[in-house]
Amino acid sequence: MRTASRVTFAFLVVALFLSGCCSTRQCPGLQEPSDSGSEEPLRRESGEATGISYGALIDQKGETLEEAFQRAIAEKRKRERKRARDTVSVRVLSLSGGGAKGAYGAGFLNGLAVSASPDESLDYDIVTGISTGAIQSTYAFLGPKYYGELKEMYFEEQWETYVPRKPGISLLFCGNSLRDIDAFRARLEERYLTDELIRNVAATGEKTNRRLIVGTVNLDTGGFQTWDMVDLATRGQYDLYRDVILASSSIPVTFPPVELEREGRKSLHVDGGVRHVAFVELVVRNLARGMTMEGGSASPSVDVLLNNSLFSFPECVQNRVLDIASRSVSTILKQSIENDIARAYVTACANELPFRMTAFGAEFPELEGDFYPGMREDMRRLYDFGVERAKTIGWETLSREIDGWQDLEKVCQGWGPGREAN
């Protein structure tokens with residue numbers, strides 16, 4: 001008993017010492033006292049939305065998503081008029097989160113490139129990404145000739161070697177994550193998100209006025225923040241470009257948050273999937289409003305590439321706190337995915353926007369967990385599965401894995417014909 005007491009005492013002494021060494025962040029301007037002495041609600045930065053917003057600013061010029069989509073439609077209309085086309089086709093691709101399961105999306109995109117007909121364009125006017133989808137988004141924006149690098153990223157790299165676990169007891173008191181991402185960021189900068197690639201984003205955006213938008217969550221305010229990546233690339237803010245993508249893919253607790261500066265204020269940002277697995281509904285609503293405001297004949301369509309499974313895998317949960325918490329969180333996330341997709345689908349139907357998606361089912365239960373030995377081989381299998389899925393099935397109107405998908409389709413059919421994508 002005496003030995004146990006000594007151990008406990010020693011542990012508390014070490015804990016107090018370590019906690020005293022932790023630095024405290026200051027967040028000036030985040031909260032302002034009111035006349036009554038109480039604090040006002042958190043002030044939100046431009047580009048943030050507490051939920052679905054029409055007015056979320058996406059760049060330093062003060063442009064909103066709605067205005068960005070309106071301008072994209074207008075620019076596309078100018079190009080189509082030169083080809084004597086009356087109807088403007090504005091294509092949107094939304095790439096979701098999913099971690100290592102992004103191998104499915106990388107394979108699916110490469111499968112589309114292989115199976116597409118010579119006259120079929122795989123270029124999208126608007127590309128959005130969250131988490132692993134944020135990493136993919138640059139290549140999807142630049143087009144099929146860059147898809148080979150996506151294959152290398154998800155097929156060849158052993159990413160678990162770039163995100164080692166953090167050692168030491170300080171993790172319990174001062175640490176901000178279980179894993180370190182310094183080597184991960186260096187690898188992205190060295191091989192994938194290079195300055196040259198980002199310059200290509202700027203050139204493509206300037207030439208075509210296509211848009212690339214990535215979402216993060218601001219931990220200080222709790223808001224969902226959107227970033228115009230073409231704007232960052234055009235301004236030569238290459239480090240911020242990479243940091244935004246890193247922040248969008250930083251799963252809380254597993255990876256550390258990333259400090260980003262906007263409008264002269266620094267804040268901590270994490271995985272955009274904390275609020276939206278894929279900010280599809282935000283895109284659909286703003287696209288519909290932008291189309292209405294611009295007027296004329298426009299035919300926008302939305303494709304959602306879900307780097308995830310909608311299947312809830314059975315698991316014998318141990319009656320312990322951590323196991324219960326882990327299973328509960330994963331269940332909530334699965335339901336969040338379904339809710340995001342279902343709302344986006346119904347919103348698209350209501351606005352007569354063709355909607356397509358792709359996801360996989362119960363084929364890869366191994367990739368539901370943390371990094372593990374042999375993960376690269378499972379990612380390779382998932383990549384190959386995505387390639388074949390694109391070749392044999394392609395885009396679907398609505399995944400059959402979503403609970404109540406038949407009821408959702410009936411609702412949309414009740415609004416009339418012309419709702420399904422070609």
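Computed from a predicted model, the values in this text were never measured in an experiment.

Colleague: For the nonpolar core, give the residues involved together with the corresponding values.
Modeller: Side chains that are nonpolar tend, in soluble globular proteins, to be buried together. Formed by 63 residues in total, the largest nonpolar core has its most connected members in Leu93, Met229 and Tyr241. Sort the elements by how many residues they give to this core and helix α9 (residues 238-248) lands first, with 7 residues. Sequence-distant contacts of tyrosine 241, defined by excluding residues within four places in its chain, comprise Thr138, Ile198, Val201, Leu212, Met229, Leu232 and Ala233.

Colleague: Talk me through the confidence of the model for the protein chain; I want residue IDs and the actual numbers.
Modeller: Mean pLDDT over the protein chain stands at 76; residues scoring 70 or higher make up 69%. Every residue in residues 7-16 is under pLDDT 50, and counting partners more than four places away or in other chains gives 4 contacts. Of the regions scoring below 50 in pLDDT, residues 32-57 engages in 70 contacts with residues more than four places distant in sequence or in other chains.

Colleague: Help me get a handle on the packing of aromatic side chains, residues and values and all.
Modeller: Under the counting rule described, the total for this entry stands at 9 aromatic pairs. With a centroid separation of 6.0 Å and an interplanar angle of 35°, the aromatic rings of tyrosine 104 and phenylalanine 108 are classed as tilted. Taken together, the residues span about one helical turn, with tyrosine 104 and phenylalanine 108 both in helix α3 (residues 102-115) at a distance of 4 residues. Here tyrosine 104 matches phenylalanine 108 in class, with each residue buried. Summarising the aromatic geometry, the rings of tryptophan 159 and phenylalanine 184 are spaced 5.2 Å apart at their centres and angled 75° between planes, so their arrangement reads as edge-to-face. Within this pair, whereas tryptophan 159 is found in the loop between α5 (147-155) and α6 (182-192), its partner phenylalanine 184 is found in helix α6, the two being separated by 25 residues in sequence. Residue tryptophan 159 shares its accessibility class with phenylalanine 184, and that shared class is buried. Through successive ring pairs, a cluster of aromatic residues spans Tyr104, Phe108, Phe360, Phe385 and Trp395. Lying over the aromatic face of tyrosine 192, arginine 191 brings its terminal NZ or CZ to 5.3 Å of the ring centre.

Colleague: How would you sum up the pairing of strand β2 (residues 91-95)? Please name residues and give values.
Modeller: Buried residues dominate β2, accounting for 5 of its 5 residues. Burial along β2 is two-sided: the residues Arg91, Leu93 and Leu95 and Val92 and Ser94 are all buried. One crossover worth recording links β2 to the parallel strand β3 (residues 126-129) by way of α3, and it is right-handed.

Colleague: Can you lay out the environment of glutamate 281 for me, pointing to particular residues and giving the numbers?
Modeller: Mapped onto the elements of the fold, glutamate 281 is located in helix α10 (residues 280-294). Expressed as a C-alpha distance, the spacing of glutamate 281 and alanine 348, which sit 67 residues apart in the sequence, is 8.2 Å.

Colleague: Would you mind going over α9 in detail, with residue names and values included?
Modeller: Summarising burial for α9: 10 of the 11 residues are buried, a large majority. Buried residues of α9: Tyr238, Leu240, Tyr241, Arg242, Asp243, Val244, Ile245, Leu246, Ala247 and Ser248, and no others.

Colleague: I'd like to hear about the packing of α3 against helix α12 (residues 375-392), residue by residue, with values.
Modeller: Following both chains from N to C, one finds α3 and α12 inclined at 35°, their axes separated by 7 Å at the closest point. Where α3 crosses over α12, the two elements pack in a sense that is right-handed. Every residue of α12 that contacts α3 at Ala103, Tyr104, Ala106, Gly107, Phe108, Asn110, Gly111, Leu112, Val114 and Ser115 is listed here: Met379, Leu382, Tyr383, Phe385, Gly386, Val387, Arg389, Ala390 and Lys391. Residues belonging to the contact of α3 with α12 are distributed by class as follows: 12 nonpolar, 5 polar and 2 charged.

Colleague: Could you give an account of the pattern of salt bridges, with specific residues and numbers?
Modeller: Enumeration over the complete set of coordinates arrives at 18 salt bridges. Between glutamate 156 and arginine 380 there is a salt bridge, with the nearest N and O atoms lying 3.2 Å from each other. Of this pair, glutamate 156 sits in the loop between α5 and α6 while arginine 380 sits in helix α12, placing them 224 residues apart in sequence. Classification of glutamate 156 as partly exposed rests on a relative accessible area of 40%. A salt bridge links arginine 242 to aspartate 239, with the shortest nitrogen-to-oxygen separation between them at 3.0 Å.

Basis of the calculations
- Residues numbered from 1 in each chain as written.
- Predicted model: local features only at pLDDT ≥ 70, side-chain atom pairs only at ≥ 80, totals over all residues.
- Heavy atoms only, no water.
- Core = buried A, V, L, I, M, F, W, Y, C linked by side-chain atoms within 4.5 Å.
- Buried < 20%, exposed > 50% of the residue type's maximum accessible area, 1.4 Å probe, protein only.
- Helix = DSSP H or I, 4+ residues; strand = E, 2+ residues; numbered from the N terminus.
- Contact = heavy atoms within 4.5 Å.
- pLDDT = per-residue confidence, 0-100.
- Phe/Tyr/Trp six-rings, centres within 6.5 Å; stacked < 30°, edge-to-face > 60°.
- Lys NZ or Arg CZ within 6 Å of the ring centre and 35° of its normal.
- Right-handed = clockwise from strand over helix to strand, strands pointing away.
- Axes fitted to C-alpha atoms, helices over the stretch in contact; angles between N-to-C directions.
- Left-handed = near helix turned anticlockwise from the far one by under 90°.
- Nonpolar A, V, L, I, M, F, W, Y, C, P; charged D, E, K, R; others polar.
- Salt bridge = Lys/Arg side-chain N within 4 Å of Asp/Glu carboxyl O.

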